[in-house]
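Structural description and commentary
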Amino acid sequence: MTIAVSILPEQQLTVLNAAYRKAVARKRLRLLLGTVLFIAALLVAAVGAEVNLRTFFTHFGNFVSYFDRILTLDTGQRVWTDLGEWFWGWRKWLKLLAETLLVSYVGTLIGAILAFGLNFFAAANTAPARWLLFVVRRLLEFARTVPSIVFALIFVIAFGLGPMAGVLAIAIHSTGALGKLFSEIVENADMRPVEGVRSTGASWLSCMRFAVLPQVIAGYASYALLRFEINVREASVMGFVGAGGIGQELIVAIRKFYYSDVSAILLTIIVTVFLIDIGTGWLRGRLFGSEART
Amino acid sequence: MSRHPEVDTVQLRARHPNVFNRPASARLATPAMLAAALALLVFGLVDLDFSPSRFVAGVNQLGWITMMMIPPDPGSSLPLYLKALGETLSIALLGTTLAALFALPVSLLAARNIVPSGFFRFPVRRFLDSIRGVDTLIWALVWINVVGLGPFAGVLAIAVSDFGAFGKLFSEAIEAADQKEVEGIRASGGSALHEIRFGLMPQVLPVIAGQVLYYIESNTRSATIIGIVGAGGIGLQLAEQIRVLEWQKVSFLILMILIAVAAIDFISGKLRFAIIGRRPVV
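A quick note: this is a predicted structure, and the numbers were derived from the prediction, not measured. For every chain, the first residue of the written sequence is number 1, and numbering continues from 1 along that sequence. Ligands are numbered from 1 and chains lettered from A, in the order in which they are written. Local features in a predicted model are, by the rule used here, given only for residues with pLDDT of at least 70; side-chain atom pairs are given and counted only at 80 or more, and totals for whole chains, interfaces and linings are based on all residues. Processing note: side-chain calculations cover all non-hydrogen atoms of the structure and skip hydrogens and water entirely.

This brings us to the overall build of chain B. Numbered from the N terminus, helices here are DSSP runs of H or I no shorter than four residues, and strands are runs of E no shorter than two. Helix and strand counts for chain B come out as 12 helices and 0 strands. Secondary structure elements of chain B, listed N to C terminal, follow the sequence α-α-α-α-α-α-α-α-α-α-α-α. Taking 2.2 N^0.38 as the reference for a compact globule, 282 residues should give roughly 19 Å; the C-alpha atoms of chain B span a radius of gyration of 27 Å, well beyond that estimate. Within the span of chain B, comprising 282 residues, buried residues form 45% of the whole. Pairs at least 24 residues apart make up 75% of the contacts formed inside chain B by residues separated by at least 6 positions. Carbon and sulfur atoms make up 68% of the accessible area of chain B, which totals about 15,100 Å². Across chain B, the 23 positively charged side chains and the 19 negatively charged ones have centroids separated by 7 Å. Every radius of gyration here is taken over C-alpha atoms, with the globule rule written as 2.2 Å times N^0.38, N being the number of residues. We call a residue buried when its accessible area falls under 20% of the maximum for its residue type, exposed when it is over 50%, and partly exposed in between, using a 1.4 Å probe and counting protein chains only. It only takes one pair of heavy atoms within 4.5 Å for two residues to be counted as in contact. Each accessible area value is a Shrake-Rupley result obtained with a 1.4 Å probe; residue values ignore everything except the protein chains displayed when judging cover. The sign given to each residue is positive for Lys and Arg and negative for Asp and Glu; His and the chain ends receive no count. The atom standing in for a charge is NZ when the residue is Lys, CZ when it is Arg, CG when it is Asp and CD when it is Glu.

The split of the chain into domains comes from an automatic or database domain assignment. If you check the domain split of chain A, you get domain 1 (10–51) and domain 2 (87–292). The C-alpha-based centres of domain 1 of chain A and domain 2 of chain A are spaced at 44 Å.

According to the domain assignment, chain B contains domain 1 (1–49) and domain 2 (78–276). Its C-alpha centre places domain 1 of chain B at a distance of 46 Å from the equivalent point of domain 2 of chain B.

Residue and element names in this part refer to chain A. To get an axis, a line is fitted to the C-alpha atoms, and for a helix only the part in contact is used. The angle between two axes follows their N-to-C directions and goes from 0 to 180 degrees. The N-to-C vectors of helix H6 (residues 148–159) and helix H7 (residues 163–187) enclose an angle of 140°; their axes lie 8 Å apart at closest approach. If you check the angle between H6 and H7, you find them oblique. Viewed along their axes, H6 and H7 form a crossing whose handedness is right-handed. Facing H6, whose interface residues are Ser-148, Phe-151, Ala-152, Phe-155, Val-156 and Phe-159, H7 presents Met-164, Ala-165, Leu-168, Ala-169, Ile-172 and His-173. An angle below 35 degrees is read as roughly parallel, one above 145 as roughly antiparallel, one from 65 to 115 as roughly perpendicular, and any other as oblique. Note on convention: the crossing is left-handed when the near helix lies turned anticlockwise from the far helix by less than a right angle, right-handed when the turn is clockwise.

Ranked by size, the top nonpolar core spans 130 residues in total, and within it Phe240(A) and Trp143(B) carry the most contacts. In terms of residue count, the dominant contributor to this core is helix H8 (residues 151–175) of chain B (14 residues). We call a set of buried Ala, Val, Leu, Ile, Met, Phe, Trp, Tyr and Cys residues a nonpolar core when their side-chain atoms join them within 4.5 Å. Membership of the second largest hydrophobic core comes to 19 residues, among which are Phe120(A), Val186(A), Val212(A) and Leu213(A).

This part covers the interface of chain A and chain B. If you look at the interface, chain A gives 59 residues, while chain B gives 60 residues. For the pairing of chain A and chain B, the buried interface totals around 5,100 Å² over both sides, and the portion due to carbon and sulfur atoms is 82%. Salt bridge, as applied in this entry: a Lys or Arg side-chain nitrogen positioned within 4 Å of an Asp or Glu carboxyl oxygen. On inspection of chain A and its partner chain B, the count reaches 0 salt bridges. Pairs of N or O atoms within 3.5 Å make up the polar contacts considered here, provided that, within protein, one atom can donate a hydrogen while the other can accept it, and that residues adjacent in sequence are counted only when both atoms are side-chain atoms. Counting the contacts that link chain A with chain B gives 5 residue pairs in polar contact (both at pLDDT 80 or more). The class makeup of the residues in the side of chain A that touches chain B is 47 nonpolar, 7 polar and 5 charged. Take the accessible area each of two parts loses on contact, using a 1.4 Å probe, and add the two losses: that sum is the buried area. Throughout, the ten residues Ala, Val, Leu, Ile, Met, Phe, Trp, Tyr, Cys and Pro are labelled nonpolar, Asp, Glu, Lys and Arg are labelled charged, and all others, Gly among them, are labelled polar.

Predicted coordinates in regions of low pLDDT should not be interpreted in detail. Confidence of the predictor at the level of single residues is captured by pLDDT, which takes values from 0 to 100. In the predicted model, chain A carries a mean pLDDT of 85, and the fraction of residues at 70 or more is 96%. A low-confidence stretch, residues 290–294 of chain A stays under pLDDT 50, and its non-local contacts, those more than four residues away or across chains, total 7 contacts.

On to the packing of aromatic side chains, then. All names here are of chain A. Note on aromatic contacts: the rings of Phe and Tyr and the six-membered ring of Trp form a pair at centre separations within 6.5 Å, being stacked when their planes are under 30 degrees apart, edge-to-face when over 60 apart, and tilted otherwise. Taken as a whole, this structure holds 19 aromatic pairs over all chains when the rule is applied. Seen from their ring centres, Phe-142 and Phe-151 are 6.2 Å apart, and the 80° between their planes marks the pair as edge-to-face. On the basis of relative accessible area, Phe-142 is assigned to the partly exposed category, the value being 38%. Considering the side-chain rings of Phe-155 and Phe-159, the 5.7 Å spacing of their centres and the 85° angle between planes classify their relative orientation as edge-to-face. On the criterion of helical spacing, the pair formed by Phe-155 and Phe-159 is a turn pair, its members being 4 residues apart in helix H6. Neither residue differs from the other here; Phe-155 and Phe-159 are each classed as buried. By definition here, charges over rings are those cases where NZ of Lys or CZ of Arg is within 6 Å of the ring centre and within 35 degrees of the ring normal. It is Arg-138 that lies over the ring of Phe-134; its NZ or CZ is 4.8 Å from the centre.

Rendered as structure tokens:
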């Protein structure tokens, strides 16, 4: 049997090998340089963030035992041995949880309506004027970059303590986020129907209503549902700054070391978020078919 | 005058019965859903104590606050704020990196093509889900109890909550990877570890790098807020200045955050482009 692999002459081979080695070495050097830079950035960041490994390791036991403590009742038993005692405040908590859901629902809907009103001005292909496009885009950018809890902090002072501040904070943040997503859908829409409608002499408003809206409305609803999911999470911490919902109860429990309450409230939040995720996922699938699921 | 061609509506109706005679349930479904959504909205507004007078008073107050914010002015605390901003960026960078390091091995366990048995995969997935179900702010509160007030608690909070998110995203990236390369390694006699290292990782790492960069971006935003509960960074300053109603400082801090986030967006966008090209991340 002969070996079919042809061997290149020595001279040619050395040249090729050298070129290969050079190429690999350059790639490795770049990778090494990138890694060194990244590690340097991490070290600088570690100094900046006052990372202290000694406190971390001496107190890490605390982190593990924290979960042990929140799963223990005042009587010293495990929480699940006495559900009545564990969820003693379930009436109050469920009421607050319902308030949380309502805050996120109302906030999302107001946000979606505002975003709906603004998004045609923020899409390059439908904006009636360039300056309007610029202004609306900056406005939306501002609304989405400032975190909703910062809005909540300010609104609590302006509108007083309570869920109203939370709703408005979530609404404004959602307007920013949804406005951007909505306008992106509009930019991807087919413009031929718009031309068709415009050629019949229709106004800008009719063009939007009869040519753009039918193409984009399903996408809007899908994004709004997704936003609702996110907002449920956000609304659960609005209470930290006094803007309504279950967060109020949670921060009190954590700060005052009511251990078993912490686990009970956390568990209700996790289960709710989980159910909402499944529910909206199901609804999106029902409404828009499986391709609209992200 | 041109005339439209005669349309035989009777025949059309006969041919497409479900276009012309939609059952009442189909015609009423959309209006009914809209009405229910609106009814819930109105109920919510009433239940959450919305009243026009309160709203108008609040907007007035808000307008007054906005007037007080202009012009933004840091007073004499600019160095302090710059340090706080540095702290925030450090928290975002370190937290995200830590999360990615720990999430990578766990995400392998949650991926269908690595662990085919649902019996083992299911608990890992639920574990990641429950970590994601808890907001970063809550994790920050827990870590403050453990390592004390300060930015370190913020790093750990971001690390834990992103660990859940990364675990899910990475495992999806791994499941989307091409199996042919893995099979090639197996065919040439590689072990399971070789399959992962030489078959999967080269495909998955660029995707993961893109996701990590994207999260560093979004964590700059999260890192600004965990200060509100005492976990360091610029959020701490912001919350304090809001509480003492120093509106000029507040607007200055918000401006700083906006500029920092825009800068990070720009840089990580460029890096992402260099690593994975123009591809959507999430």
